[in-house]
Amino acid sequence: MLQAFKNLQWKLVVIFSLLILISVQLIGVTFLNSLQKFYSDDFINSLRSQANLLSSPMTQVLEENKSLTETKKETDKFLKQLLYLNTKNGTTTTVEIEILDDQGYVLSSSTENSKNIGKKNLRAQNATGKLDSTFIRRDRATGKDYQIYIKQLENTNQQRIGTIYIEASLDPIYAKIRRIGELLFRSSSVTLVATAILIILLSRTITTPLKEITQQATAMAAGDFNQQVAVKSDDEIGRLARAFNYLAAHLRRALSQNEEEREKLETVLANMSDGVLATDHKGNIIVKNSWVEKMIGSEIKLGDRLKDVLPMEDNIVFPLDHVHEEYIELHPNDPNSFMMIKATFTPIKRGEKELVGLIAVLSDVTEEEKLDRQRKDFVANVSHELRTPLTTIKSYLEALKDGAIHQPDIASHFLNVADTEAERMARLISDLLQLSRLDARESYFDKQPITIEHLLQPVYERFSMTCKQKDIALRLHIDDGLPMVVVDRDKMDQVLDNIVSNAVKYTPASGSITIKAIQSDSNMVQISIADTGLGIPKQDISRLFERFYRVDKARSRTLGGTGLGLSIAQEIVHSHNGEIWIESEYEQGTTVFFTLPTRSEANGTDQ
Ligand SMILES: Nc1ncnc2c1ncn2[C@@H]1O[C@H](COP(=O)(O)OP(=O)(O)OP(=O)(O)O)[C@@H](O)[C@H]1O
Ligand SMILES: [Mg+2]
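Note that the structure is a prediction, hence the values are computed from the model and not measured.

Draft legend 1. View of the sheet that holds strand E9 (residues 339-350). If you trace the five strands from one edge of the open sheet to the other, you get E7-E6-E10-E9-E8, paired in antiparallel fashion. The open sheet has two edge strands with one neighbour each: strand E7 (285-288) and strand E8 (324-330). When strand polarity is set aside, the average angle formed by the axes of neighbouring strands in this sheet is 25°. The sheet contact formed by strand E6 (residues 275-280) and E7 spans three bridges and is antiparallel. Across the sheet, residue Thr279 finds its bridge partner in E7, namely Ile285.

Draft legend 2. The site of ligand 1, seen in detail. Around ligand 1, 21 residues are found, and the nearest of them are Asn502, Arg550, Gly561, Gly565 and Leu566. Looking at the shell around ligand 1, the elements with two or more residues in it are helix H12 (489-505) and helix H15 (565-575). Among the elements that take part in the shell around ligand 1, H12 stands out by supplying three residues, more than any other.

Draft legend 3. Fine view of the pairing of strand E17 (residues 589-597). Burial analysis of E17 places seven of its nine residues in the buried class, which makes it a mostly covered element. Bridge count between strand E15 (residues 524-531) and E17: seven bridges; the pairing is antiparallel. When the bridges of E17 are listed, Met524 appears paired with Pro597. Between strand E16 (residues 580-585) and the antiparallel strand that follows it, E17, lie three residues; Glu587 among them carries a positive phi value of about 65°.

Draft legend 4. How the structure looks around the domain arrangement of the chain. In terms of domain boundaries, the chain breaks down into domain 1 (2-177), domain 2 (272-364), domain 3 (369-439) and domain 4 (447-602). Distance from the C-alpha centre of domain 2 to the C-alpha centre of domain 4: 48 Å.

Draft legend 5. Quick peek at the environment of Glu587. Its location among the elements puts Glu587 in the loop between E16 and E17. Each C-alpha atom of the pair Glu587 and Thr507 lies 9.9 Å from the other, and the pair is 80 residues apart in sequence. Apart from residues lying up to four places away in sequence, Glu587 is in contact with Leu534 and Gly535.

Draft legend 6. Local environment of the packing of helix H10 (residues 408-439) against H15. At a minimum axis distance of 10 Å, the contact between H10 and H15 shows a crossing angle of 30°. Accordingly, the angle class assigned to the pair H10 and H15 is roughly parallel. Considering how the two elements wind past one another, H10 and H15 form a crossing that is left-handed. For the pair H10 and H15, contact is made by Asp431, Gln434, Leu435 and Leu438 and by Ser567, Ile568 and Glu571, respectively. For the contact of H10 with H15, the residue count by class is three nonpolar, two polar and two charged.

Cut-offs applied
- Residues numbered from 1 in each chain as written.
- Chains lettered and ligands numbered in written order.
- Predicted model: local features only at pLDDT ≥ 70, side-chain atom pairs only at ≥ 80, totals over all residues.
- Pairing = 2+ DSSP bridges.
- Helix = DSSP H or I, 4+ residues; strand = E, 2+ residues; numbered from the N terminus.
- Axes fitted to C-alpha atoms, helices over the stretch in contact; angles between N-to-C directions.
- Near = placed C-beta within 6 Å.
- Buried ≥ 20, exposed ≤ 12 C-beta atoms within 10 Å, placed from the backbone.
- Domains from an automatic or database assignment.
- Contact = placed C-beta atoms within 7 Å.
- Parallel < 35°, antiparallel > 145°, perpendicular 65-115°, else oblique.
- Left-handed = near helix turned anticlockwise from the far one by under 90°.
- Nonpolar A, V, L, I, M, F, W, Y, C, P; charged D, E, K, R; others polar.

As structure tokens, then:
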């Protein structure tokens, strides 16, 4: 029953049936009431008209004041006449008429051999005072109802001389009303059943499309937007079905657009060269791209807290309400290498004020940071390198001023030192100038084809004397049939001088230095300068081409080095489209390699 009430169709059936039942009941009760009143009024009227018919002859008889028996005879006669008339007219025979005298004793009765004759009619006695009165009596023994009509008979002096008492059974009337009631009940039952059937049919036309729409909505909630509700009518339900189909189509379009937008966004995010993270207002990650994961070196799950993912220094308070910038140093794979990230956190606002989260854009600024650090180191190095000789010169000059100038031996020694230091400064400055020109690509390269012999033989000769003095064996080996290389002769001399002088500087007596030229590939000649000197520790090899980098600063400086030679050599070799690298074994020896383009490769171009 309860289940049925959850169903619209049955709700309608029950509600409408109850409505019809109540209205039929109301109408039936009112109708039967008025019918009963009509019938009883009509009945009383018929009794009244019989009494009226009797009243004048009876008054006459009673006024005559005859003896009791005579009066009785007269009244009996009239009653019989009336009964005869009634039977003739087919009027009811269930009527009992009694004529009473002025004392209320029954003179005669329409019922033959009535036991009431000669007895006092107490019911009529009680109704005295009014000319006529009616009431209904219920017989205690049978439970039947009787309509009573009492009419007083008066003489001209308005004295009561008798009474007409009529009593008629109400059974026939009740039977009639009962029959009509039954008829009403039967017809209303039929109406009720017919209405219920009609309502079932009608409600079905409403509930069937509603059921379909419900099914469709459930399918839509599960992501299926392709089904349509059948439109069967043009009424409100039909319009609802049509609107629903329209809604489904619209949603389908909107969703596919959404999907497209999402894919676009994902492609943009995936192809960005910056890392992107977005969080909700509490700082939980809701969007990420693969770049961030690469930068951080670990997987990020949506829902992770931003603070746990990025090692930030500043404490961000969520929701963030202003743009915040921070540099974050990461060590993704190896603790010795670093990665510098510039993170910009921008609040996301909905409408004017509501803060719904933040977007973090992470840019890799490691190169910039490295350059910045190099620049700072460079400035510090330059200042240091210039200050050292200057301090020396200044202290010697002061010593001369303080009297050393008057001691010719010491004075000339001091002046020599000052001169050497000044020369060192001049060389440093000219090296720096050359590097700065190379950096700015302002150096002019006069590239000409030249044979390897012409390039290397003079170097060999320049250094053979020094090597002999230091007891170092200097060798030169050039492969046969090497093509010509296209180089700026002066600059190449500078490169070779620096590399060979390094080898000489860092090779102790009885060592050897070998200058060698071979064909490395079809377009390049490879020149190597190998020594059997001190060698270079592994961790320093990669940094040798950095400006001012020296393995052992104190010793290098005593040997006259500033640490710029290899940087200049690298710039020059690169300007010739060549490569330069160093292989070294600590305490075994070092080999510096570089390649130079042959004529066909360089194509005679000047830079
Ligand atoms: N053949 C080598 N053997 C051992 N160490 C070397 C050798 N060549 C270079 N080095 C190391 O590399 C460092 C850098 O060399 P580079 O030529 O750039 O500077 P430098 O020789 O010290 O000074 P500069 O050449 O400017 O006078 C040197 O200080 C030295 O420590
Ligand atoms: Mg050098």
